[in-house]
Amino acid sequence: MRAQVKLEVSKRTTRKKKVNKLRREDIIPGVIFGKGFEPLPVQVQYKDFELLYKKIHGTSMFDLNVEGESMKALVHSLQRDKLNHRIRHIDFHKVDLKEKVSVEVPLVLVGQCALEDDGVGVVSQQAMTLHVKCLPKDIPAEIEVDRALIQTKEGVIHVSDIKLPKGVALASESEKERILAAFMVARAAEAKYEEAAPQEGSTEPAE
């Protein structure tokens, strides 16, 4: 089970347009919601949250301390400022440890591709995250995509080609054919192949 990250939050009484005053004081307004749970407006110190969120990449579970009451929650979404990208609002999803949740997990390329080693080109990552479903305790920090699965210049890696961690399933079966990585031939190698290929209409020289 991944380590839970403790975060101190406070109940929030400031609402609507007045929350801008909180933001000027480096406080992020937010809300905790969940199944059978009355949405609870909260607030958290900007630096406290930002530091922890950068470390966990958004996939770890927070152990929220709401004025003495402990709640397990995931970050459902963040609202950021369009100009400076500062966090303006947080939606926390209160979870039941016995119920599965849907989360976006980062994808990371691993392993080696023989074509890359030969200088033919590179394996290009086409998707950064994968939407999966699992129990909170089984949420992976990342999901690996093995470059070795690509063996030809036209090779691609679909979701159906990778092995998901134990206890983790796709959030939707329609994701199976999604392309996660593809091979990109280097320009120099591509030119070399074109030169080596016989030209249309060409004939072999007579002996």
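Residues numbered from 1 in each chain as written. Predicted model: local features only at pLDDT ≥ 70, side-chain atom pairs only at ≥ 80, totals over all residues. Heavy atoms only, no water.

### Topic: the layout of surface pockets
Move 1: In this structure, the second largest pocket encloses a volume near 180 Å³.
Move 2: Taken together, Gly34, Lys35, Phe37, His93, Lys94, Val95, Asp96, Glu99, Lys100 and Val101 make up the lining of the second largest pocket.
Move 3: Taken together, the residues of the lining of the second largest pocket break down into three nonpolar, two polar and five charged. (1 Å grid on protein atoms, 1.4 Å probe; cavity = no way out; pocket = protein on both sides within 12 Å on 5 of 7 lines; lining within 4 Å. Points joined across faces, edges and corners; volume = space filled by probe spheres on them. Nonpolar A, V, L, I, M, F, W, Y, C, P; charged D, E, K, R; others polar.)

### Re the sheet that holds strand E11 (residues 156-158)
Move 1: Pairing is antiparallel across the open sheet formed by three strands, whose spatial order is E8-E13-E11. Edge positions in the open sheet fall to strand E8 (121-125) and E11, since each of these has one partner strand only. When the angles between neighbouring strand axes are averaged without regard to direction, this sheet yields 10 degrees.
Move 2: Pairing between E11 and strand E13 (residues 179-185): three bridges, direction antiparallel. Bridged to His158 within E13 is Ile179. (Pairing = 2+ DSSP bridges. Helix = DSSP H or I, 4+ residues; strand = E, 2+ residues; numbered from the N terminus. Axes fitted to C-alpha atoms, helices over the stretch in contact; angles between N-to-C directions.)

### A closer look at the sheet that holds strand E12 (residues 169-170)
Move 1: Spatial strand order, E10-E7-E9-E12: four strands in an open sheet with mixed pairing. Of all the strands in the sheet, the pair left with one neighbour each is strand E10 (143-146) and E12.
Move 2: Pairing geometry for strand E7 (residues 101-110) and strand E9 (residues 129-134), over six bridges, is antiparallel. Following the sheet pairing, Ser102 is matched in E9 by Lys133.

### Quick word on the pattern of salt bridges
Any two side chains of opposite charge can pair, on the condition that their charged atoms come close.
Move 1: One pass over the full model with this rule turns up nine salt bridges.
Move 2: A salt bridge links Asp63 to Lys72; the shortest N-O distance between them is 3.4 Å. (Salt bridge = Lys/Arg side-chain N within 4 Å of Asp/Glu carboxyl O.)

### Points about the pairing of E7
Move 1: With four bridges connecting them, E7 and E10 associate as parallel partners. In the strand pairing of E10, Leu109 is matched with Val145.

### Let's talk about the packing of aromatic side chains
Move 1: Considering all chains together, one arrives at four aromatic pairs under this definition.
Move 2: A ring pair is formed by Phe62 and Phe92, whose centres lie 6.1 Å apart and whose planes are at 85 degrees; its orientation type is edge-to-face. Linking Phe62 in strand E4 (residues 62-66) with Phe92 in strand E6 (residues 87-94), this pair joins segments that are 30 residues apart in sequence.
Move 3: Taking relative accessible area as the criterion, Phe62 reaches 0% and is therefore assigned buried.
Move 4: Each residue in the set Phe49, Tyr53, Phe62 and Phe92 is aromatic and connected to the rest through ring pairs, giving one cluster.
Move 5: The cationic tip of Arg86 hangs over the ring face of Tyr46; the distance from NZ or CZ to the ring centre is 3.9 Å. (Phe/Tyr/Trp six-rings, centres within 6.5 Å; stacked < 30°, edge-to-face > 60°. Buried < 20%, exposed > 50% of the residue type's maximum accessible area, 1.4 Å probe, protein only. Lys NZ or Arg CZ within 6 Å of the ring centre and 35° of its normal.)

### Considering unusual backbone geometry
Move 1: Residues other than glycine seldom take positive phi values, yet Asp26 does so here, at roughly 60 degrees.
Move 2: Structurally, Asp26 can be placed in the loop between helix H1 (19-24) and strand E2 (27-34).
Move 3: One non-glycine residue, His85, lies in positive phi territory at about 65 degrees.
Move 4: Summarising the element assignment, His85 is placed in the loop between strand E5 (69-80) and E6.

### Considerations on the environment of Asp138
Move 1: Counting through the fold element by element, Asp138 comes out in the loop between E9 and E10.
Move 2: For the pair formed by Asp138 and Gly167, sequence separation is 29 residues and the distance between their alpha carbons is 6.3 Å.
Move 3: With residues near it in sequence (within four places) discarded, Asp138 still touches Lys166, Gly167 and Val168.
Move 4: Of note is the side chain of Asp138, whose polar atom sits 3.1 Å from the side chain of Lys137. (Contact = heavy atoms within 4.5 Å. Polar contact = N/O pair within 3.5 Å; in protein donor to acceptor, adjacent residues only side chain to side chain.)

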